[in-house]
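# Working through the structure, step by step
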Amino acid sequence: MSTWLITGSSTGLGRALAEAVVEKGDNVVATARNVDAVADLAASAPDRVLAVALDVTEPDQIADAVRQAEQRFGGVDVLVNNAGYGYRAAVEEGEDADVRTLFETHVFGAVALIKAVLPGMRARRTGAIVNISSIGAQLTPVGSGYYAAVKAALEGLSGSLRGELAPLGISVTIVEPGGFRTDFAGRSLTQSATPIADYADTAGKRRKENDTVHGTQAGDPAKAAAAITSAVEADTPPGFLLLGTDALDGYRRVAREREAEIAAWESVSAGTDFT
C-alpha cells in the first residue's frame with residue numbers, strides 16, 4: 001500500500017486522482033486550501049484518507065502537511081504537484097503581483113513540496129514525484145504566456161530532477177494534459193484586470209468573457225487519473241506523459257513546425273562554431 005500526497009484535491013484532476021487512489025486501496029493525503037472541500041473524501045475511507053489544509057505558497061503549511069503524512073502513514077510514497085490555476089493576459093497586460101503569485105504557486109510551491117518529501121524518499125530509496133504541467137507549455141497560446149512560462153519552468157526542473165533521483169530509486173514524471181472537463185477554464189481561471197485594445201484580436205479572444213471552451217473539453221478527468229496511476233505503477237514510469245488526443249496532436253504539430261524551422265536555419269546555426 002502506497003501513500004499519495006496530492007495537492008489541489010478539492011476539484012478537477014486532483015479530485016479525480018484522489019478518488020481513484022482511494023478506490024484502488026492506497027492511502028491519500030488529500031490537500032486543499034479549504035480543508036472542508038476534501039472532508040467528504042476523508043469520511044469515505046477514514047482509515048486511509050487524511051484531509052489536510054494546504055496553501056502551497058505557505059512554507060509552514062507544507063512542512064505541516066508532510067509531517068502529518070509521516071505521522072499517520074509513515075511517509076509519502078507519491079507526491080503529486082497538482083495545485084494551480086489558469087491566468088490569462090497578454091504579456092504586457094500581466095500585473096506584477098499576479099504573475100509573482102502564479103510563479104509562487106506553480107513553481108516555488110512545487111519545489112518546496114519536493115524538498116519536503118525527498119529526505120524520506122531518499123532514506124527509503126523509493127518514491128515517485130508527479131508534476132502536473134500543461135500542453136500549453138508547448139503550444140504557448142497567445143494570452144497564456146505567463147501560464148506557459150510557469151509550466152515550462154516546472155518541466156525544465158523536472159527533467160534535471162529525474163536524472164538526479166533515478167539512481168536513488170525515485171521516479172519523476174511530467175504530465176501534460178490537454179483540455180479536460182474541469183473547473184480550469186471556469187472558476188479556476190483568472191486574468192488581468194485591464195485589457196489593452198491592441199491585443200483584442202490575439203490575447204483578447206482568450207479572455208473569460210470571450211471563452212466558449214468551458215464545459216465542452218474532450219478530456220475525462222477520471223480517465224486521466226487512471227492513466228496517471230498506471231504510469232506511476234509502471235516498471236519504468238515515463239518521464240513525460242501526454243494526456244488527451246488534443247495534447248498528442250498539438251505536441252506533434254509543434255514538433256513538426258520546430259523541425260522545419262531548424263532545417264530552414266540549419267546553416268546559420270551550424271555556422272557559429274570556431275573554424
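Residues numbered from 1 in each chain as written. Predicted model: local features only at pLDDT ≥ 70, side-chain atom pairs only at ≥ 80, totals over all residues. Heavy atoms only, no water.

Here the focus is helix H8 (residues 245-264). Every α-helix winds through 3.6 residues per turn, so residues three or four apart in the chain are directed the same way. An ideal rise of 1.5 Å per residue puts 28 Å on 20 residues; H8 measures up with 29 Å between its terminal C-alpha atoms. Taken as a whole, H8 has its buried residues at Ala247, Gly250 and Val254. Buried residues of H8, seen end-on, are gathered within an arc of 70 degrees and therefore sit on one face of the element. Those residues of H8 that are exposed and aimed more than 90 degrees away from the buried face are Thr245, Asp249, Arg252 and Arg256. Looking at the packing, one finds that the buried side of H8 touches helix H5 (136-139), strand S7 (170-177) and strand S9 (240-243). (Helix = DSSP H or I, 4+ residues; strand = E, 2+ residues; numbered from the N terminus. Expected span 1.5 Å × (residues − 1). Buried < 20%, exposed > 50% of the residue type's maximum accessible area, 1.4 Å probe, protein only. Arc of directions from axis to C-beta. Contact = heavy atoms within 4.5 Å.)

Turning our attention to the layout of surface pockets. One number sums up the size of the second largest pocket: a volume of about 200 Å³. If you go around the second largest pocket, you meet 14 residues; those closest to its centre are Ser2, Val78, Thr126, Ala128 and Val232. Looking at the lining of the second largest pocket residue by residue, the classes come out as 5 nonpolar, 5 polar and 4 charged. (1 Å grid on protein atoms, 1.4 Å probe; cavity = no way out; pocket = protein on both sides within 12 Å on 5 of 7 lines; lining within 4 Å. Points joined across faces, edges and corners; volume = space filled by probe spheres on them. Nonpolar A, V, L, I, M, F, W, Y, C, P; charged D, E, K, R; others polar.)

All right, on to empty space enclosed by the protein then. Per the counting criterion, the structure on display carries 2 cavities of 30 Å³ or more. The space that makes up the largest cavity amounts to roughly 60 Å³. In this structure, the largest cavity is lined by Thr7, Val56, Asn81, Asn82, Ala83, Thr105, His106, Ala110, Leu113, Ile132, Lys151 and Leu154. Broken down by secondary-structure element, the contributors of at least two residues to the lining of the largest cavity are helix H4 (96-124) and helix H6 (145-165). The element contributing the most residues to the lining of the largest cavity is H4, with 4 residues. Looking at the lining of the largest cavity residue by residue, the classes come out as 6 nonpolar, 5 polar and 1 charged. Put simply, the second largest cavity is a space of about 40 Å³. In this structure, the second largest cavity is lined by Val66, Glu70, Gly75, Val76, Ala116, Val117, Gly120, Met121 and Arg124. Top contributing element to the lining of the second largest cavity by residue count: H4, with 5 residues. When the residues that make up the lining of the second largest cavity are grouped by side-chain class, the tally is 5 nonpolar, 2 polar and 2 charged.

Read these as spatial facts, not as claims about activity.
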